[in-house]
Amino acid sequence: TAGGTPAEVRSACPYCGTGCGLLLRPDGQGGLEVRGDPDHPANRGRLCSKGLALGETLGQEGRLLAPQVNGRDTGWDSALDLVAARFRQAVEQHGPDSVGFYLSGQMLTEDYYVANKLMKGFIGSANIDTNSRLCMASTVAGHKRAFGTDTVPGTYEDLEEADLIVLVGSNLAWCHPVLHQRILAARAARGTKLVVIDPRRTASCDQADMHLKLRAGSDVALFNRLLAALYEGGALDADYLRHVEGLGAALEAAFAADAAVTGLEATEIAEFCDLWRRTGKVVTVFSQGVNQSSSGTDKVNAILNCHLATGRIGKPGCGPFSVTGQPNAMGGREVGGLANMLACHMDLENARHRAAVQDFWGAPAMPDRAGLKAVDLFRAAGDGRLKALWIIHTNPAVTMPEADAVRAAIKACDFTVVSDITAATDTARLADVLLPAAAWAEKDGTVTNSDRTISRQRAVLPPPGQARADWDILADVGRRMGWAAAFDYQSPAQIFREHAALSGLAGRFGLDFDISGLSGLSDAGYDGLAPVRWPVSRRRGGRFFADGRFYHPDGKARMLPVRCQPPAAAPDREFPFRLNTGRIRDQWHTMTRTAQSPRLSGHLGEPFADIHPDDAAKLGIKPADLLRLRSPHGQAILRARITADVQPGDLFVPIHWTGETAPSARIASLVAAVTDPVSGQPDSKASVAAAECF
Ligand code: SF4
């Protein structure tokens, strides 16, 4: 402190995958002053409305202050003894696959690491999945198919060096606002062209040169047409293609594609293809509109195909760029906290990788096949296959597709544990055991943002009541289950060092994720860790794929022959609308934190459904009428917003609002639990629904 004023502490924002750096100063009354960190490479001092309002979201009302068993406060010992006993009992009586963890991209890397180690190495099941399955699983699968590993090749600086940025299925202006600001600043300085590909007109279109308002689910047809046009225009990079397999089959699929299914004018498509072909430095930014699809992985590969074929990857200002929704979706991927991953980008199904991780952990058991992904995990909870489920920092009773069925499944599961900061979430109300967790600004750890930059989140406020950090709770359960030495963690620094050392194994297998250069960090070094982009290793540095070296056994990348598949359900007489879901600018997830800020709630204060004027006229819907939406899976009541931003036949509804009793504004209750066959990611953008005046 200087003159009695507490010093500012560096930390990172708990919301989107941009991963902005913050400077936090406690006000001495439980609050915080928050400003952007001018030295953080992600935001250089900028913050969006959500980051700026963080200080208004620290209210303790509704905080879970003590462990609860069946609704009654208890102590940690009795709660965690019960958790350990019930998980052990389920494993002994029904096998390791009778238990599961459902985690969150909100968790810190150290928390994720301990959860993954406990489930995969010690319980011996791969039934550990996360709400990141709803966010970017299709990108993980697409990266692995094309590159051999889940590598994000680009950086934020590429967005500023590009001459053309294509946003696909991404309302960056609202969902990653600081990244969007960086793009607009670069555009002002160098005239970067901006193209938005989205069925909906969004705030990201305001400054775009072109908006391709394609039909839902037709992205593969558009990018196949682009690949064919690049070939026809002589834009393929023969030199770079020496590092790529699969061109012939990918081109065959591209030429077989019918771009008419996009609903776009041929001239619009030609103009887009021509702009792409003529521009040397292109970054394609993609997000949930690509990932949340029953053909999400194919969409990702259709995009990657175009960059690989033209060598627009591995160079400054070039590349495909997946932006993650959550603050630590990337950290979760890095520790392997998904049902089909191992750790540090090693493969669950690779015996050498498994043996190396098992040996490193001193683990008694390792699963050799993928566990249940999110949708199947809750189905197993509902039909009795899962006997014990631990849900950490996420609210699946609101957010999972077919949310009413998921709510019933959680209720039906023999034993459900929920760790959260509040007891008031729809999911927490269904738990047998509630564990009070430390919140953002009360705990220490790391997160990785969309461009692989690892940042420290730092504790500046004391956790209230009996709240504890998640790594601490998970490790305690591991010890109580009988693995005292393996879970003898005293600090997140110790866990981070172990994670970094484990990544050295991945480096030895020639994989991309290697932060072994950080494995020797002292506690003080961890405390002071400045933002750092991986890899951090002596083995390999520099830009991924600049040398044309990929991670498939032959060292080459793969282009995939991808064909456009329509969404699983087609609108019909009973359900004539296509239902699209997404975020709004000033709320986050199910609003546990952001709803505390009057400023944020003032942006769009109630749940709504966007409907086209022609459809509204046909149904006799007037502005601000209440709408009842129905699907085969549920109902919701929402305020009508009549707008040509959506196409005729489409509806758009935000994801954030919750509700105890049906019908509510809990829109995921209408979304069909249809998943991509490769990634297991649900299609949250193209369900069918009916609309009527309420
Ligand atoms: Fe936080 Fe994302 Fe806003 Fe940055 S852009 S302040 S990370 S919500």
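Source: prediction; values computed, not measured.

Take the overall build of the protein chain next. When you go through the protein chain residue by residue, the secondary structure sums to 22 helices and 26 strands. Radius of gyration (C-alpha) of the protein chain: 24 Å, near the 26 Å computed for a compact globule of 694 residues. Expressed as a percentage of the 694 residues in the protein chain, the buried residues total 61%. Within the protein chain, counting contacts between residues at least 6 apart in sequence, those at least 24 apart form 74% of the total.

A separate point is the confidence of the model for the protein chain. Looking at the protein chain, pLDDT values average 95 and 98% of them are 70 or higher. This complex was scored by the predictor with a pTM of 0.96 and an ipTM of 1.00.

As recorded in UniProt, the feature "domain: 4Fe-4S Mo/W bis-MGD-type" (unreviewed entry) lies at residues 6-62. Helix makes up 7% of residues 6-62 and strand 26%, and the two end C-alpha atoms of the span are 28 Å apart.

This part covers the site of the ligand. For the ligand, the set of nearby residues contains 14 residues, the closest of which are C13, C16, C20, C48 and G51. Taken together, the elements giving at least two residues each to the shell around the ligand come down to α1 (49-52) and α7 (177-190). Each residue belonging to the shell around the ligand can be placed in one class, and the counts come to 8 nonpolar, 5 polar and 1 charged.

Let's shift gears to the sheet that holds strand β22 (residues 608-611). Adjacent strands of a sheet pair through backbone hydrogen bonds, lying either parallel or antiparallel. Sheet architecture is closed into a barrel: 6 strands sit in the order β21-β25-β22-β24-β23-β26, paired in mixed fashion. Direction aside, the axes of adjacent strands within the sheet are offset by 45 degrees on average. As defined by bridge partners, β22 adjoins strand β25 (residues 650-654) across 2 bridges and the pair is classed as antiparallel. Along β25, the bridge assignment pairs I611 with L651.

Counting buried positions over the 11 residues of helix α4 (residues 137-147) gives 11, a clear majority of the element. Taken as a whole, α4 has its buried residues at A137, S138, T139, V140, A141, G142, H143, K144, R145, A146 and F147. Buried residues along α4 sit against α11 (288-291), α12 (296-310), β13 (319-322), α13 (329-335) and β20 (557-558). One or two steps after α4, the chain reaches G148, where phi turns positive at roughly 95 degrees.

This paragraph deals with the domain arrangement of the protein chain. On domain assignment, one finds that the protein chain holds domain 1 (9-57), domain 2 (68-114 + 371-530), domain 3 (137-323 + 553-558) and domain 4 (577-693). Each of domain 2 and domain 3 has a C-alpha centre, and these two points are 35 Å apart. At the interface, 5 residues of domain 2 touch 7 residues of domain 3. Broken down by class, the residue content of the side of domain 2 that touches domain 3 amounts to 1 nonpolar, 1 polar and 3 charged.

Time to look at the packing of helix α15 (residues 374-382) against helix α17 (residues 403-412). It is at 7 Å that the axes of α15 and α17 come closest, and there the two elements cross at 50 degrees. Relative to α17, the element α15 is oriented oblique. Note that α15 runs across α17; the crossing there is left-handed. Each of F378, R379, A381 and G382 in α15 lies in contact with α17, whose residues at this interface are A405, V406, A408, A409, I410 and A412.

Let us now look at α15. Residues A374, V375, L377, F378, A380 and A381 constitute the buried set of α15. Count one or two residues on from α15 and you reach G384, which has phi positive near 90 degrees.

With antiparallel pairing, the 3 strands of this open sheet are ordered in space as β17-β18-β19. Among the strands making up the open sheet, the edge pair consists of β17 (445-448) and β19 (532-533). Alignment of strand β18 (residues 453-457) against β19, held across 2 bridges, turns out to be antiparallel. When the bridges of β19 are listed, I454 appears paired with V532.

Once that is clear, we can look at the environment of A412. Along the chain, A412 turns up in helix α17. When the 14 C-beta atoms within 10 Å are taken as the criterion, A412 is described as partly exposed. Taking C-alpha positions, A412 is 35 Å from T446, a pair spaced 34 residues apart along the chain. With residues up to four places along the chain from it excluded, the contact list for A412 reads A381 and G382.

Here the focus is the environment of G371. Relative to the assigned elements, G371 resides in the loop between α14 (351-361) and α15. Taking C-alpha positions, G371 is 33 Å from P571, a pair spaced 200 residues apart along the chain. Those residues within four positions of G371 in sequence are excluded, and the remaining contacts are S125, A126, N127, I128 and A339.

This next bit is on the packing of helix α8 (residues 219-232) against helix α9 (residues 247-256). Where α8 meets α9, the axes come as close as 8 Å, and the angle between the chain directions of the two elements is 110 degrees. With respect to α9, the element α8 is oriented roughly perpendicular. Read as a crossing pair, α8 and α9 show a hand that is left-handed. Each of N224, L227, A228 and Y231 in α8 lies in contact with α9, whose residues at this interface are A250, L251, A253, A254 and F255.

Inspection of the secondary structure puts G317 in the loop between α12 and β13. Using a count of 22 C-beta atoms within 10 Å as the deciding quantity, one classes G317 as buried. The spacing of G317 and P436 is 119 residues in sequence and 45 Å in space, taken between C-alpha atoms. When neighbours within four sequence positions are excluded, G317 is seen to be in contact with D158, E161, A162, D163, K281 and V283.

Negative phi characterises most residues that are not glycine, and trans characterises most peptide bonds. With an omega dihedral of 10 degrees, the bond running from W534 to P535 counts as a cis peptide bond. Despite not being glycine, C344 shows a phi value in the positive range, around 50 degrees. Turning to its location among the elements, C344 is positioned in the loop between α13 and α14.

The rules we used
Residues numbered from 1 in each chain as written. Predicted model: local features only at pLDDT ≥ 70, side-chain atom pairs only at ≥ 80, totals over all residues. Helix = DSSP H or I, 4+ residues; strand = E, 2+ residues; numbered from the N terminus. Rg over C-alpha atoms; globule rule 2.2 N^0.38 Å. Buried ≥ 20, exposed ≤ 12 C-beta atoms within 10 Å, placed from the backbone. Contact = placed C-beta atoms within 7 Å. pLDDT = per-residue confidence, 0-100. UniProt positions renumbered as here; feature names shortened; annotations may be inferred. Near = placed C-beta within 6 Å. Nonpolar A, V, L, I, M, F, W, Y, C, P; charged D, E, K, R; others polar. Pairing = 2+ DSSP bridges. Axes fitted to C-alpha atoms, helices over the stretch in contact; angles between N-to-C directions. Domains from an automatic or database assignment. Parallel < 35°, antiparallel > 145°, perpendicular 65-115°, else oblique. Left-handed = near helix turned anticlockwise from the far one by under 90°.

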